[in-house]
Amino acid sequence: MLLNILFSFFSILSIKSDISPAFTFSNETDYLSRYKNLLIDIREEKISPIEAEMEFKSIMRFLKEEFPNSEKYRADQEIVFPLIKSSISAVGGKGRGFYDRKYNMFDHAVTGSHPAHDIFIFDPDHDCIDNRKNEYVDVVSVSHGIVLAVEKDWTDSSDYRGGNYVWVYDFERGGLWYYAHERKVVVVPGQIVQPGNKLGEVGRTGFNALNKRSDTHLHLMFLELDETFYPWPVNYYEWLKNAEFLTKSTKAEILKRDILKINRIRPKSLKRIETKQYNLKVDYKKKTEIALDLPRKRRR
Ligand SMILES: [Zn+2]
């Protein structure tokens, strides 16, 4: 048994050394930069899908503990519609634009799914100004949450898909919202947002959104976390139908205190996170994570 463990451990080490540049698990307890680095590592394929999944789960575990669902934020609470002065008819394909087959957040090479809804503005001349409203359209947070990561500096020469984006960890639902293709982002990582707080403006940033055939829209995905912290896309079209439609956005407050608080997470004692392919041990004292490929024989 012990030999098995050692063997598995060293075989994982040797797999890791084949990846160049080698990915090392972050020593940082600042999970905002860990999350952003993870997104970049996935996009640039610097990290294997299994390593990406482990790092993701480790960050999500922190978040779930730091922001447990409370009575104040009920999971069945309705969301706010993500676009200002909009309507349910702005959702692409009457909600049929969602297909999540083959979606894998951790493997950039897997494409062809659209686990999201596209919510359009009326912009035939592609200048991002809604021609019926004669203004840019605000993207607002649909729920209470914390901004995990943003991209603000997308340019025409960037080849990544999401363009300027915002990731928000949802306090009510314990999942993640991904708002993509924005022309402008106005929040920063660590900011606490309320429903209706402005995140940015609908735009055409991102590899596909820039395409002439594509109409200007917000790409919005929600990922639910299961008990192993694995992210599953949710078709939230029914939520959109029942959403509150706003005519004006509000400004998110900057609460420095909260940013500091979440940046300084105390190391936790050794815990085991169950996963599908392997068992993951996280030693928060040494801040290392060791994968043991022993899914069959579990010791109590
Ligand atoms: Zn989309």
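Not measured: the values here are computed from a predicted model.

### Notes on the overall build of the protein chain
Now for step 1: The helix and strand tally for the protein chain stands at five helices and 14 strands.
Now for step 2: By the burial criterion, 38% of the 300 residues in the protein chain qualify as buried.
Now for step 3: When contacts within the protein chain are restricted to residue pairs at least 6 apart in sequence, those whose partners lie at least 24 apart make up 66%.

### Focus on helix α3 (residues 49–66)
Now for step 1: Over its 18 residues, α3 extends 26 Å from the first C-alpha to the last, a length consistent with the 26 Å expected when each residue adds 1.5 Å.
Now for step 2: Among the residues of α3, those classed as buried are Glu51, Ala52, Glu53, Met54, Glu55, Phe56, Lys57, Ser58, Met60 and Leu63.

### Quick word on the pairing of strand β10 (residues 217–225)
Now for step 1: With eight of nine residues buried, β10 is to be regarded as a mostly interior element.
Now for step 2: Where strand β1 (residues 117–120) meets β10, four bridges bridge the pair, whose relative direction is antiparallel. Residue pairing across strands places Ile119 opposite Leu218, the latter belonging to β10.
Now for step 3: Two elements, strand β7 (residues 175–185) and β10, share five bridges in a ladder whose sense is antiparallel. Each bridged residue has a counterpart across the sheet, and for Tyr179 the counterpart in β10 is Leu220.
Now for step 4: The antiparallel hairpin formed by β10 and strand β11 (residues 231–233) contains five residues in its connecting segment, where Phe229 sits at a positive phi of about 70 degrees.

### Considerations on unusual backbone geometry
Now for step 1: Non-glycine residue His181 carries a positive phi angle of around 70 degrees.
Now for step 2: Structurally, the position occupied by His181 is in strand β7.
Now for step 3: Residue His181 is classed as buried on the basis of its C-beta count, with 29 C-beta atoms lying within 10 Å.
Now for step 4: If you check the backbone angles, Phe229 has positive phi at about 70 degrees while not being a glycine.

### Structural notes on the environment of Val234
Now for step 1: Inspection of the secondary structure puts Val234 in the loop between β11 and α4 (237–241).
Now for step 2: Along the sequence, Val234 and Phe98 sit 136 residues apart, while their C-alpha atoms lie 9.1 Å from each other.

### Regarding helix α2 (residues 31–43)
Now for step 1: With 13 residues, α2 should cover 18 Å at 1.5 Å per step; its first-to-last C-alpha distance of 18 Å lies within 8% of that length.
Now for step 2: Taken together, the buried positions of α2 are occupied by Tyr31, Leu32, Arg34, Tyr35, Leu38, Leu39 and Ile42. Projection of α2 onto a plane perpendicular to its axis shows the buried side chains occupying an angular sector of 165 degrees, all on one side.
Now for step 3: Turning to α2, the residues buried within the fold contact α3 and β5 (145–150).

### A look at the confidence of the model for the protein chain
Now for step 1: Across the protein chain, the average pLDDT comes to 79, with 71% of residues at 70 or higher.
Now for step 2: Per-residue pLDDT stays below 50 along residues 6–28; that stretch engages in 23 contacts with residues further than four places along the chain or on separate chains.

### Considerations on the environment of Arg43
Now for step 1: Here Arg43 is to be found in helix α2.
Now for step 2: The partly exposed category is assigned to Arg43, around which 14 C-beta atoms lie within 10 Å.
Now for step 3: Residue contacts for Arg43: discarding those within four places in its chain leaves His108 and Tyr160.

### Quick word on the environment of Tyr160
Now for step 1: With respect to the helices, strands and loops of the structure, Tyr160 is situated in the loop between β5 and β6 (164–170).
Now for step 2: Tyr160 gets classed as partly exposed once you count the C-beta atoms within 10 Å, which come to 16.
Now for step 3: Put simply, Tyr160 and Glu44 are 116 residues apart on the chain and 9.2 Å apart in space, counted from C-alpha to C-alpha.

### Considerations on the packing of α2 against α3
Now for step 1: One can describe the packing of α2 onto α3 by two numbers: an axis separation of 10 Å at closest approach and a directional angle of 155 degrees. Our classification of the angle between α2 and α3 gives roughly antiparallel. α3 is crossed by α2, and the crossing has left-handed handedness. Residue-level inspection shows Tyr31, Arg34, Tyr35, Leu38, Asp41 and Ile42 of α2 in contact with α3, the latter providing Ala52, Glu55, Phe56, Ile59 and Phe62.
Now for step 2: When the residues that make up the contact of α2 with α3 are grouped by side-chain class, the tally is eight nonpolar, no polar and three charged.

The rules behind each value
- Residues numbered from 1 in each chain as written.
- Predicted model: local features only at pLDDT ≥ 70, side-chain atom pairs only at ≥ 80, totals over all residues.
- Helix = DSSP H or I, 4+ residues; strand = E, 2+ residues; numbered from the N terminus.
- Buried ≥ 20, exposed ≤ 12 C-beta atoms within 10 Å, placed from the backbone.
- Contact = placed C-beta atoms within 7 Å.
- Expected span 1.5 Å × (residues − 1).
- Pairing = 2+ DSSP bridges.
- Arc of directions from axis to C-beta.
- pLDDT = per-residue confidence, 0-100.
- Axes fitted to C-alpha atoms, helices over the stretch in contact; angles between N-to-C directions.
- Parallel < 35°, antiparallel > 145°, perpendicular 65-115°, else oblique.
- Left-handed = near helix turned anticlockwise from the far one by under 90°.
- Nonpolar A, V, L, I, M, F, W, Y, C, P; charged D, E, K, R; others polar.

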